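Here is what each chain is made of, one letter per residue.
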Amino acid sequence: MRPLFIAAAVTLLGLGTAHAECTADVTDAFDLEPDGIVTLYACIEGQMAQQYASQGDSVGSQYRNWHVSSTRPAVAGPHGERFLQTFANDIAAEQYLKFEEEFNGMPVGSILAKESFTLKKGKAAVGPLFIMTKLAPGGAPEAGDWRYDALQPNGKVMGIKQSYCADCHLGYDYRDSLAYPIEEVRVGQ
Ligand code: HEC
């Protein structure tokens, strides 16, 4: 295994809010070994949750109490070269965590929230929080009855186009638009 150096130095930003600076010695996110990802995540996760919650968004403030779907964040490719980790609310968790290849539909009120962070020039930075909410039948027929949302890293709502998200996710219409984490990190698999 390549030697890996990860350091966390605390800098002071804003009014007494301590933010860790999280770094790794690789430049390409795909080159970071699982141990390195876990260490990097441990460094940035508190800051990430704090930023998503900072504007009072209900999902941004709550998702960390939901059911985590992976053993660690991982890079999938789509959603940029970001490390991703998805959380499912109580309504979604039972079905989502089966990672079923084909099924009919998620329960109405299911919410999936996917935190993300990037590694740029060896430094981790918080990315958007991606959100999918299952609407009642007919709520968004052109998007599989899912509403897509995203929060910016600063916790503010990001302007997104439903079709941009839905067009890719509808490629998984045989399992209600869900893409799932990459197989090697799925919980309970
Ligand atoms: C080019 C294809 C593509 C586009 C565009 C896309 N996604 Fe995804 N999405 C994926 C893939 C692939 C995954 C699974 C990756 C992973 O979590 O490891 C995923 C996972 C998710 C998840 C976790 C639930 C699941 O499907 O397992 C959410 C929530 C999500 N995306 C929201 C969004 C939002 C919001 C947008 C638009 C801003 C968006 N996505 C745009 C491909 C895409």
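So, here's what we can say about the structure.

## Topic: the overall build of the protein chain
Piece 1. Counting its regular elements, the protein chain contains 4 helices and 9 strands.
Piece 2. Element order for the protein chain, N to C, with α for helix and β for strand: β-β-α-α-β-β-β-α-β-β-β-β-α.
Piece 3. Across the 189 residues that make up the protein chain, the buried fraction comes to 44%.
Piece 4. A separation threshold of at least 6 residues defines the contact pool for the protein chain, and within that pool the share at least 24 residues apart is 54%.
Piece 5. By element, 53% of the accessible surface of the protein chain is carried by carbon and sulfur atoms, the whole surface being about 9,800 Å².

## Some words on helix α4 (residues 162-169)
Piece 1. Every buried residue belonging to α4 is among Cys165, Ala166 and His169, and all of these are buried. On an axial view of α4, the arc spanned by its buried residues comes to 95 degrees, and they lie on one face. Facing away from the buried side of α4 by more than 90 degrees, the exposed set consists of Tyr164 and Asp167.
Piece 2. Those residues of α4 hidden inside the fold are in contact with β8 (129-134) and β9 (146-151).

## Quick notes on helix α1 (residues 34-53)
Piece 1. Helix length check: α1 (20 residues) gives 27 Å between terminal C-alpha atoms against 28 Å at 1.5 Å per residue, within 8%.
Piece 2. At Ile44, α1 shows its largest bend, some 45 degrees.

## Digging into the site of the ligand
Piece 1. Around the ligand, a shell composed of 24 residues is seen, among which His79, Tyr96, Cys165, Cys168 and His169 lie nearest.
Piece 2. One of the side-chain nitrogen or oxygen atoms of His169 is found 2.8 Å away from a nitrogen atom of the ligand.
Piece 3. At 2.8 Å from an oxygen atom of the ligand is found a main-chain nitrogen or oxygen belonging to Ala179.
Piece 4. Per-element tally for the shell around the ligand: the top contributor is α4, with 4 residues.

## Some words on unusual backbone geometry
Piece 1. Backbone geometry places Phe99, a non-glycine residue, at a positive phi of 50 degrees.
Piece 2. Position of Phe99 among the secondary structure elements: in the loop between α3 (90-96) and β6 (111-120).
Piece 3. For Ser177, which is not a glycine, the phi torsion comes out positive at approximately 70 degrees.
Piece 4. Taking the relative accessible area as the measure of exposure, Ser177 reaches 1% and is therefore buried.

## A look at the coordination of the iron atom of the ligand
Put simply, a metal with four donors set out as a tetrahedron has ideal angles of 109.5 degrees, and one with six donors set out as an octahedron has ideal angles of 90 or 180 degrees.
Piece 1. Distances from the iron atom of the ligand to its protein donors, namely His79 (NE2) and His169 (NE2), fall within the range 2.0 to 2.1 Å.
Piece 2. On the basis of relative accessible area, His169 is assigned to the buried category, the value being 13%.

## Some thoughts on the state of the cysteines
Piece 1. For the structure on display, the rule yields 1 disulfide.
Piece 2. A disulfide bridge connects Cys22 with Cys43, and the sulfur atoms are separated by 2.0 Å. One disulfide, between Cys22 and Cys43, carries an S-S torsion of -85 degrees and so falls in the left-handed class. Taken together, the residues Cys22 in strand β2 (residues 17-22) and Cys43 in helix α1 connect sequence positions 21 residues apart.
Piece 3. Taking the relative accessible area as the measure of exposure, Cys22 reaches 1% and is therefore buried.

## Observations concerning the packing of aromatic side chains
Piece 1. By the definition in use, this model includes 7 aromatic pairs.
Piece 2. Between Tyr63 and Phe87 the ring centres are 5.1 Å apart and the planes differ by 80 degrees, which places this aromatic pair in the edge-to-face class. In this pair, Tyr63 sits in the loop between α2 (58-62) and β3 (67-68) while Phe87 sits in strand β5 (residues 83-88), placing the two residues 24 residues apart along the sequence.
Piece 3. Taking the relative accessible area as the measure of exposure, Tyr63 reaches 0% and is therefore buried.

Conventions we followed
Residues take numbers from 1 onward in each chain, read along the sequence in its written order. Residues qualify for local features only when their pLDDT is at least 70, as the model is predicted, and side-chain atom pairs are given and counted only at 80 or more; totals for whole chains, interfaces and linings, by contrast, use all residues. Only hydrogens and water are set aside when side-chain values are computed; all heavy atoms of the structure are taken into account. To qualify as a helix, a DSSP run of H or I must reach at least 4 residues; to qualify as a strand, a run of E must reach at least 2; elements of each kind are numbered from the N terminus. For every residue, the accessible area (1.4 Å probe, protein chains only) is compared with the maximum for its type, and the residue is labelled buried under 20%, exposed over 50%, or partly exposed between those bounds. Should any heavy atoms of two residues lie within 4.5 Å, those residues are considered in contact. For accessible areas, the Shrake-Rupley method is used with a probe of radius 1.4 Å. Any residue's cover is judged against the shown protein chains and nothing else. To be clear, the arc concerns the directions from the helix axis to the C-beta atoms. Take the number of residues in a helix, subtract one, and multiply by 1.5 Å to get its expected span. Note on bend: at a given residue it equals the angle between the axes fitted to the 7 residues ending there and to the 7 starting there. For this description, a residue counts as near a given molecule or strand if any of its non-hydrogen atoms is within 4 Å of it. Here a polar contact means two N or O atoms within 3.5 Å. Within protein one must be a hydrogen donor candidate and the other an acceptor candidate, and residues neighboring in sequence count only if both atoms are side-chain atoms. Coordinating donors are taken as N, O and S atoms within 2.8 Å of the metal, stretched to 3.2 Å for Na, K and Ca; because water is absent from the atoms, sites can appear incomplete. For this text, the term disulfide refers to a pair of cysteine sulfurs within 2.5 Å. Two aromatic rings from Phe, Tyr or Trp, using only the six-membered ring of Trp, form a pair when their centres are within 6.5 Å; if the ring planes differ by under 30 degrees the pair is stacked, by over 60 it is edge-to-face, and anything between is tilted.

That's the geometry; what it means functionally is another story.
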